[in-house]
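Structural features, examined
This is what each chain is made of:
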Amino acid sequence: MADSKIPDILVQKGRPGKTEGRNVNMPLETGSTMVFDTMAEFEAARNARYQSGTIYYGRYGNRAVYALEEALCALDGAESCVLASSGVAAITCTLMALVKSGDHLLVADNIYGNTRNFCETLLAGQGVEVTFFDPMAGAGAADLFRPNTRALMFEAPGSGTFEVPDIPAVAAACKAAGVVSVIDATWPTPIFCRPLALGVDVVVASGSKYLSGHSDAMIGTITGTGNVLQAVRKTVMTVGDKSGGQEVLLSLRGLRTLKMRMEHVDRAGRDIALWLGAQDRTLRVLHPAFESCPGHEFWRRDFTGASGLFGVLFRETSDAAVTRFVDGLAHFGIGVSWGGYESLVLPVTPKRTASRWDVEGHLVRFSIGFDDLDTLKDDLAAALPLLEP
Ligand SMILES: *Cc1c(COP(=O)(O)O)cnc(C)c1O
């Protein structure tokens, strides 16, 4: 199945088996306790509770959970997958599984804000040494390895700033030093990038974005190879984190149309980004598919498409004018998440502590959904004059 075509995986995986009835889709699994007829059956299940597929107790998983895990394994080309209650839970459980007090963790400086926050507060508070590094360091990240470096966490592209790292170079440097590499690949989804094939050990993603895809579910996904994923899985279970029954079903449903939706937002996002790039007020578009984006060459080499999330730097304006512009948009909602059918806008202020992000202008992030593109352009055209400082 590893080299199955993506559309076939999206249609065939994670569906009821022959013994589970004739429904096209998995049923909603509710409940908590699973019951056994004999102690021998019960003990066999308990001993295997950390393995995907085991029916033991609701917190560890059920048939729908395992169906989604199986489908995500096929999509990412992973040996193993575990679900979490949110993207953040997927990230924090993964990092907790990999580092302990006295260990050193490297984190890319353009990492998702809540990942940074977790590393700076909870992990550092537990005695983990955390160093942020220049996300474009590539193989040079190895210069920061210490004898106690256990893991490296990065993201493609950078949250808010959209630089694309040299994924294979970072992964290879980690592999050579026995450092576990973890990537947040929420932006491309497995449709446009498969980091495990590029040498990365663990992929985390927020399924609240494109996987579920309709802004109606929160879920996190973790995929990777055997031993490391087994440790992560145990941590998710030990913490008591779990994905909800409805969220799992909504993600299975989202999976069926993931490729079509990604192809749409790829086209729509580039169209709007190109249009915005041609406006007087625009200084620069930050979109991995555009040559002006740092790491564009890596995007071309390692990705097969772009999602609908990108940034725009506006010139000679003020925070107050940016607020007026964003408030003046009628068709764009203001919100932190993205990846649904609705278009969104958000001013962002990147935080850097280890590298410089010294670009000019005011950064605004856009997520393009399924709206009519002329409607969006009319909306933007009407609001752009509000950027006048
Ligand atoms: C949204 C997001 C997360 C967090 O996901 P939640 O499901 O909201 O917890 C993590 N990483 C990236 C890149 C995100 O955009």
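Here the structure is shown first, and the text comes after it.
An account of the accompanying structure is given in this report. Residues take numbers from 1 onward in each chain, read along the sequence in its written order. The model is predicted, so local features are restricted to residues of pLDDT at least 70 and side-chain atom pairs to those at 80 or more, both for listing and for counting; the totals for chains, interfaces and linings are taken over all residues. Derived side-chain values reflect all non-hydrogen atoms in the structure, with water molecules and hydrogen atoms excluded from consideration.

This brings us to the pairing of strand S5 (residues 180-184). Successive side chains on a regular strand alternate, one facing one side of the sheet and the next facing the other. Of all five residues that make up S5, five are buried, and the element is covered over most of its length. When a residue's accessible area, from a 1.4 Å probe over protein chains only, is under 20% of the maximum for its type it is buried; when over 50% it is exposed; and in between it is partly exposed. The way it works is that DSSP assigns letters per residue, a run of H or I at least four long becomes a helix, a run of E at least two long becomes a strand, and they are numbered from the N terminus. Burial along S5 is two-sided: Val-180, Val-182 and Asp-184 and Ser-181 and Ile-183, pointing in opposite directions, are all buried. We treat two strands as partners when DSSP finds at least two bridges between them. Examined bridge by bridge, strand S4 (residues 149-155) and S5 share five bridges and lie parallel to one another. When the bridges of S5 are listed, Met-153 appears paired with Val-182. Note on handedness: a crossover is taken as right-handed if, strands pointing away from the viewer, the path from the first strand over the helix to the second is clockwise. In this fold, S4 hands off to helix H6 (residues 167-177), which returns the chain to S5; that crossover is right-handed. As paired strands, S5 and strand S6 (residues 202-206) are joined by three bridges and run parallel to one another. Of the residues in S6, the one forming a bridge with Ile-183 is Val-203.

On to the packing of aromatic side chains, then. Aromatic rings from Phe, Tyr and Trp, taking only the six-membered ring of Trp, are treated as a pair when their centres fall within 6.5 Å; an angle between ring planes under 30 degrees marks them as stacked, one over 60 as edge-to-face, and anything in between as tilted. Tallied over the entire structure, the rule returns nine aromatic pairs. Relative to Tyr-60, the ring of Tyr-56 lies with its centre 5.4 Å away and its plane at 65 degrees, an arrangement referred to as edge-to-face. Accessibility expressed as a relative area gives 14% for Tyr-56, which makes it buried. Ring geometry for Phe-310 against Phe-366: centres 5.8 Å apart, planes inclined by 25 degrees, an arrangement best described as stacked.

Judged by pairing direction, the sheet is mixed, and its five strands sit side by side in the order S8-S9-S12-S11-S10 without closing on themselves. If you trace the sheet from one side to the other, it starts and ends with strand S8 (282-286) and strand S10 (333-334), each paired once. Examined bridge by bridge, S10 and strand S11 (residues 344-347) share two bridges and lie parallel to one another. Its bridge partner lying in S11, Ile-334 is registered against Val-345. Each of S8, strand S9 (309-314) and strand S12 (362-367) touches helix H10 (residues 258-277); the most contacted strand, S9, lies at about 5 degrees to it. Residues count as neighbours in contact if any of their non-hydrogen atoms are within 4.5 Å of one another. As a rule, the C-alpha atoms of each element are fitted with a line to give its axis, helices using only the stretch in contact, and angles between N-to-C directions run from 0 to 180 degrees.

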